[in-house]
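# Structural overview
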Amino acid sequence: MKKIFCFFIFLILFSCKKYIDKPKNLIDKETMAELMAEMAINDQVSFMYQGKNLESGTRFILKNYNIKADDFVESYKYYVVNQKMKDIVEDAQKILLEKDPKAEKHVKAKLKSNQNVPNFAR
């Protein structure tokens, strides 16, 4: 009886290999990084122009890349669950620094002044 019980526990543990299935319209990592960089810029614009609609900027970005909002959300969930979003965000940061080289000085200065801030909050 113990052997059968252990077998079923073993079977259950290894049958749940993936938490989420791969979406049929998965956005590739490079495009996802570009989208994240564009959305970060859009987010900063919303801070400069308070009271403006952030959603219209996001729709414009997705329309430029010919991506549906549902596909973006499903791809985002997939990358987060499979722990690949960190690499995508780092690529997005590189894209942002390439677009604005002056930002690199600002980022380094902020990191020096806030050394006790955890990595995930940077």
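The present account deals with the structure reproduced in this document. (Residues numbered from 1 in each chain as written. Predicted model: local features only at pLDDT ≥ 70, side-chain atom pairs only at ≥ 80, totals over all residues. Heavy atoms only, no water.)

Next up on the list: the overall build of the chain. Within the chain one finds 6 helices and 0 strands. Mapped in sequence order, the helices and strands of the chain form the string α-α-α-α-α-α. Counted over contacts in the chain with a minimum sequence separation of 6, partners at least 24 positions apart contribute 72%. (Helix = DSSP H or I, 4+ residues; strand = E, 2+ residues; numbered from the N terminus. Contact = heavy atoms within 4.5 Å.)

Turning next to the nonpolar core. Counting 18 residues, the largest nonpolar core has M32, L35, F72 and I88 as the members making the most contacts within it. Those elements that place two or more of their residues in this core are helix 2 (29-48), helix 3 (54-64), helix 4 (69-81) and helix 5 (85-99). Sorting elements by how many residues they give to this core places helix 2 first, with 6 residues. (Core = buried A, V, L, I, M, F, W, Y, C linked by side-chain atoms within 4.5 Å. Buried < 20%, exposed > 50% of the residue type's maximum accessible area, 1.4 Å probe, protein only.)

Moving on, we come to the side chain of N42. Assignment of secondary structure puts N42 in helix 2. Overall, the relative accessible area of 14% leaves N42 in the buried class. Dropping the residues within four chain positions of it, N42 is found in contact with L54, G57, T58 and I61.

Glancing now at a nonpolar patch on the surface. Taken together, the side chains of I41, V45, M48 and Y49 present a nonpolar region at the surface, about 400 Å² in accessible area. Along the chain, the position of V45 falls in helix 2. (Patch = residues over 30% accessible without salt bridge, like charges linked within 9 Å, V, L, I, M, F, W, Y side chains within 5 Å. Areas by Shrake-Rupley, 256 points an atom, 1.4 Å probe, with all protein chains shown as cover. Salt bridge = Lys/Arg side-chain N within 4 Å of Asp/Glu carboxyl O.)

As a further point, take the side chain of D71. Its place among the elements puts D71 in helix 4. No salt bridge is formed by the buried D71; its nearest oppositely charged neighbour, K68, is found at 5.5 Å. Ignoring sequence-local partners within four residues, the contact set of D71 consists of N25 and I27. (Lys, Arg positive; Asp, Glu negative; His and termini not counted.)

A few words now on helix 2. The end-to-end C-alpha distance of helix 2 is 29 Å, a good match for the 28 Å that 20 residues give at a rise of 1.5 Å each. Along helix 2, the residues that are buried comprise T31, M32, A33, L35, M36, A37, M39, N42 and S46. Residues of helix 2 that are buried in the fold lie against helix 3, helix 4 and helix 5. (Expected span 1.5 Å × (residues − 1).)

For the pair helix 2 and helix 4, the least separation of the axes is 12 Å and the interaxial angle reads 105°. The angle between the axes of helix 2 and helix 4 places the two elements in the roughly perpendicular class. Contact with helix 2, carried on its side by K29, M32, L35, M36 and M39, involves F72, S75, Y76 and Y79 of helix 4 and no other residues of that element. A per-class count over the contact of helix 2 with helix 4 returns 7 nonpolar, 1 polar and 1 charged. (Axes fitted to C-alpha atoms, helices over the stretch in contact; angles between N-to-C directions. Parallel < 35°, antiparallel > 145°, perpendicular 65-115°, else oblique. Nonpolar A, V, L, I, M, F, W, Y, C, P; charged D, E, K, R; others polar.)

With that out of the way, let us pick up the pattern of salt bridges. Overall, the coordinates contain 2 salt bridges when judged by the stated rule. Its salt-bridge partner being K99, residue E38 comes within 2.5 Å of it at the nearest N-O pair. Of this pair, E38 sits in helix 2 while K99 is found in helix 5, placing the two residues 61 residues apart along the sequence. Among the residues examined, E38 registers a relative accessible area of 23% and is labelled partly exposed. One salt bridge in this structure joins E74 and K77, with 3.9 Å as the shortest N-O distance. You can see E74 and its partner K77 sitting in helix 4, 3 residues apart, about one turn around the helix. For E74, a relative accessible area of 35% puts it in the partly exposed group.

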